[in-house]
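# Descriptive analysis of the structure
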Amino acid sequence: MKERNASRRPQMNFLKMDMTQMEFPDASFQVVLDKGTLDAVLTDEEEKTLHQVDRMLAEVGRVLQVGGRYLCISLAQAHILKKAVGHFSREGWMVRVHQVANSQDQVLEAEPRFSLPVFAFIMTKFRPVSGSALQIFELCAQEQGKPMRLESAEQLAEAVRERQQYAWLCSQLYRKAGLGSVSLDLCDGDTGEPRYTLHVVDSPTVKPSRDNHFAIFIIPQGRETEWLFGMEEGRKQLAASAGFRRLITVALHRGQRYEGMDSIQAELSARVMELAPAGMPAQQQVPFLSVGGDIGVRTVQHQDCSPLSGSYVVEDVQGDDKHYFRRLIFLSNRNVVQSEARLLKDVSHRAQKKRKKDRKKQRPADAPEDLPTAPGQSIDKSYLCCEHHKAMVAGLALLRNPELLLETPLALLVVGLGGGSLPLFVHDHFPKSCIDAVEIDPSMLEVASRWFGFSQSDRMKVHIADGLDYITSLAGREGTAPHYNVIMFDVDSKDPTLGMSCPPPAFVDQPFLQKVKSILTPEGVFILNLVCRDLGLKDSVLTGLKAVFPLLYVRRIEGEVNEILFCQLHPEQKLATPELLEMAQALEQTLRKPGKGWDDTYILSDMLKTVKIV
């Protein structure tokens, strides 16, 4: 080494020395550089090895000046990171871990050299302060990004492990396609909050060409819950129609600020290239796709936390037909819309912004700002957004003489209020109906009333209670128990570990179903929204229902997991599909009265075309 560097680097000295007992005086250096030595020495966690490493790191600390840095290049295996971070943090040093970025050539090279990322430990020596327990841990995951402060060595180790797993995933995605369902979150470098959710979708049947290797699809804000974007089968269909070997869909998180498609592309370009498939030509431009070329509109109107339902948001989003929709989302299940209503056109997002701007122009500088109009007044109450709600309303055609229902007193029990659109629709379209709605969470009644145009009346009463307790109480009144023509269950489970998210299992236990039966009129219909991914559990639910309600129709909601069950007591009342459609058409003709608001796209008979008898 001396001979090789004598002419080019005459001031560089090469010394043979024991690193655990160096001959330099104290505080001799401002930097100690370690290129893999710690990894080479710390091969195991035997006592002898750990003692040797302790001596080595102690010597590093001795020869460094205050303010000096130990810069160690490492693969950051768990036991090495634990040892290095633990040693120097106990000494009161600042600990920072940098991930060493790969060059673009390495990202796209024919055969990646290494699947594990390389890290640089930068340990800064501070002057000892008597009695101080201050520990500083930072991670810098991007070459130009700001360091992220972490609270503990354990958090730092977890963050490094996540980046190692990401690097391993990238290497696997590079080497082979078709790994199955792959999704990951990209987080904000400053806050650590999720900013983008990526799904990697491979289409092995697409014939490769120079320009169809890889593309990125930005899902417009508010549309990530749609089947095409939110379900695996939908994303596969999207990828196949786009015609790329690999498509990455990108969902934008609420609570994050996005300037537009160009800024998103600039932010994601380098990161998504790490997910590119093999065989992609170097320097090829990766297309960023979207619907209509923009990132959509999402306005969070309200955010709160309920003791029963957890954190939730009410937000306005723009649909694909340029209508605006108001949605209730539980953040524990952020890809599922709990309730949805269409906003009237004259209070669209743009119209609201324009009126607000005009008011500001006309208002004197010292005048107070106008109070906003009541949020619930902007709801189109004649429109049902949810397909399963449309099917549930269509189930009223199973009542005898549907053409007379508008003049017939109807008693309905609806368990599960949400935004209130289902009971509100029935209330407004069936003028003789009386509805008892049961909701366990008082926060939901407030949300429905304030944000979704819901209101109680002499024909619409909301009972804040557990649906199980409410029905049990009614059934226990024997001769004085009310009897309902229609009972509807649209209630979600708060337990995400179950294979059935709607309703909670207790609502379909046979003893409880007997209580439901006892408060249903002989000619009535019990309508249940079932969301069950566990096929065995679903079969068990259907068997239990059939034991109590011998006549059982099932209507599958296309593109969703929901199935609507129509349950009746007398199998001799069974109707063939043509009869069902005829009754639905008769009911719809009655509902389409002049002067009554009706959504022309809502065809009641279409909701019953695919009904099957269990």
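Residues numbered from 1 in each chain as written. Predicted model: local features only at pLDDT ≥ 70, side-chain atom pairs only at ≥ 80, totals over all residues. Heavy atoms only, no water.

## Section: the overall build of the protein chain
In plain terms, the rule: Helix and strand definitions follow DSSP, with helices as H or I runs of at least four residues and strands as E runs of at least two, each counted in order from the N terminus. C-alpha atoms define the radius of gyration, and 2.2 Å times the number of residues to the power 0.38 defines the globule rule. Burial classes follow relative accessibility: with a 1.4 Å probe on protein chains only, a residue under 20% of its type's maximum area counts as buried, one over 50% as exposed, and anything between as partly exposed. What makes two residues a contact is simply this: any of their non-hydrogen atoms within 4.5 Å.
Within the protein chain, the regular secondary structure consists of 18 helices and 24 strands. Computed over its C-alpha atoms, the radius of gyration of the protein chain comes to 32 Å, more than 25% above the 25 Å expected for a compact globule of 614 residues. By the burial criterion, 49% of the 614 residues in the protein chain qualify as buried. For the protein chain, restricting intrachain contacts to residue pairs at least 6 apart in sequence, the fraction spanning at least 24 positions comes to 69%.

## Some remarks on the environment of Lys322
Relative to the assigned elements, Lys322 resides in the loop between strand S13 (310–318) and strand S14 (324–330). A relative accessible area of 55% places Lys322 in the exposed class. For the pair Lys322 and Cys140, spaced 182 residues apart in sequence, the C-alpha to C-alpha distance is 41 Å.

## A few points about the nonpolar core
Rule in force here: Throughout this description, the term nonpolar core refers to a set of buried Ala, Val, Leu, Ile, Met, Phe, Trp, Tyr and Cys residues connected via side-chain atoms within 4.5 Å.
Grouped together as the largest cluster of nonpolar side chains are 49 residues, with contacts concentrated most on Leu396, Phe430, Phe566 and Tyr602. Here this core takes six residues from helix H17 (residues 577–591), the largest share from any one element. Counting residues in hydrophobic clusters, the runner-up holds 34 residues, among them Val438, Tyr470, Phe512 and Leu528.

## Topic: the pattern of salt bridges
Keep this limit in mind: Salt bridges are defined as contacts in which a side-chain nitrogen from Lys or Arg sits within 4 Å of a carboxyl oxygen from Asp or Glu.
By the definition in use, this model includes 26 salt bridges. Among the ionic pairs, Asp202 bridges to Arg246, the shortest N-O distance being 2.6 Å. You can see Asp202 sitting in strand S8 (residues 194–202) and its partner Arg246 sitting in strand S10 (residues 246–252), a full 44 residues away along the chain. Summarising the burial analysis for this pair, Asp202 and Arg246 share the class buried. In this structure, Arg254 and Glu224 form a salt bridge, with 3.8 Å as the shortest nitrogen-oxygen distance.

## As for unusual backbone geometry
Glycine aside, the phi torsion of most residues is negative, and most peptide linkages are trans. Pro503 follows Cys502 through a cis peptide bond whose omega is -5°. By the element assignment, Pro503 lies in the loop between strand S20 (500–502) and helix H15 (510–518). Unlike most non-glycine residues, Asn401 shows phi in positive territory, near 50°. By relative accessible area, which is 45% here, Asn401 ends up partly exposed.

## Side note on the state of the cysteines
The condition is simple: Defined by distance alone, a disulfide is two cysteine sulfur atoms within 2.5 Å.
The full count for this structure, using the stated rule, is zero disulfides. The closest cysteine sulfur to the non-disulfide-bonded Cys140 is located on Cys187, 15 Å from its own sulfur. For Cys140, a relative accessible area of 3% translates into the label buried. Cys502 carries a free sulfur, and the closest cysteine sulfur to it, the one in Cys532, is 10 Å from it. Residue classification places Cys502 among the buried positions, given a relative accessible area of 6%.

## Looking at the UniProt feature "domain: Methyltransferase type" (unreviewed entry) in the protein chain
Quick note on the threshold: UniProt positions are given in the numbering used here, feature names are shortened, and annotations may be inferred rather than shown by experiment.
When the UniProt feature table is mapped onto this chain, "domain: Methyltransferase type" (unreviewed entry) is found at residues 5–71. With 34% helix and 22% strand, the stretch residues 5–71 has end C-alpha atoms that lie 23 Å from each other.

## Here we look at helix H6 (residues 153–175)
This is how it is decided: Expected span of a helix, by definition, is 1.5 Å for each gap between consecutive residues, and there is one gap fewer than residues.
In this model H6 runs 33 Å from its N-terminal to its C-terminal C-alpha over 23 residues, within 8% of the 33 Å that 1.5 Å per residue would give. Every buried residue of H6 is accounted for by Leu156, Ala159, Val160, Gln164, Tyr166, Ala167, Leu169, Cys170, Ser171, Gln172, Leu173 and Tyr174.

## So, the sheet that holds strand S4 (residues 118–124)
Selection rule: Strand pairing requires that DSSP identify at least two bridges connecting the strands. For helices, the fitted line uses only the C-alpha atoms of the stretch in contact; every axis is such a line through C-alpha atoms, and the angle between N-to-C directions lies from 0 to 180 degrees.
Ordered in space as S1-S2-S4-S3-S5-S6, the six strands form an open sheet in which the pairing is mixed. Bordering the open sheet on either side are strand S1 (29–35) and strand S6 (148–150), each of which pairs with just one other strand. Between one strand and the next, the sheet's axes are offset by a mean angle of 20°, whatever the strand orientation. Examined bridge by bridge, strand S2 (residues 64–74) and S4 share six bridges and lie antiparallel to one another. Directly across from Ser74, in S4, lies its bridge partner Phe119. Seen against the sheet, helix H3 (residues 47–63) touches S1 and S2 and runs at an angle of roughly 140° to S2.

## What about the sheet that holds S13?
As summarised here, the arrangement of the four strands in space is S12-S13-S14-S15, forming an open sheet in which the pairing is antiparallel. Lying at the two open borders of the sheet, with one neighbouring strand each, are strand S12 (298–306) and strand S15 (337–342). Taken over all neighbouring pairs, the strand axes of this sheet differ in orientation by 15° on average, direction set aside. Pairing between S14 and S15: five bridges, direction antiparallel. Looking across to S15, one finds that Arg326 is bridged to Ala341.

## A few points about the packing of H3 against helix H4 (residues 78–90)
Short version of the rule: Just so you know how the angles are binned, under 35 degrees is roughly parallel, over 145 roughly antiparallel, 65 to 115 roughly perpendicular, and the rest oblique. For any pair of crossing helices, the crossing counts as left-handed if the nearer helix is rotated counterclockwise from the farther one by less than a right angle, and right-handed if it is rotated clockwise. Each residue gets one of three labels, nonpolar for Ala, Val, Leu, Ile, Met, Phe, Trp, Tyr, Cys and Pro, charged for Asp, Glu, Lys and Arg, and polar for the others, Gly among them.
Across the interface, H3 lies against H4 with an axial gap of 11 Å and an inter-helix angle of 50°. Viewed along their axes, H3 and H4 adopt a mutual orientation that is oblique. Crossing geometry of H3 relative to H4 is assigned as right-handed. Contacts between H3 and H4 involve Leu50, Val53, Asp54, Leu57, Ala58 and Val60 on the former and, on the latter, Lys83, His87 and Phe88. Residues belonging to the contact of H3 with H4 are distributed by class as follows: six nonpolar, one polar and two charged.

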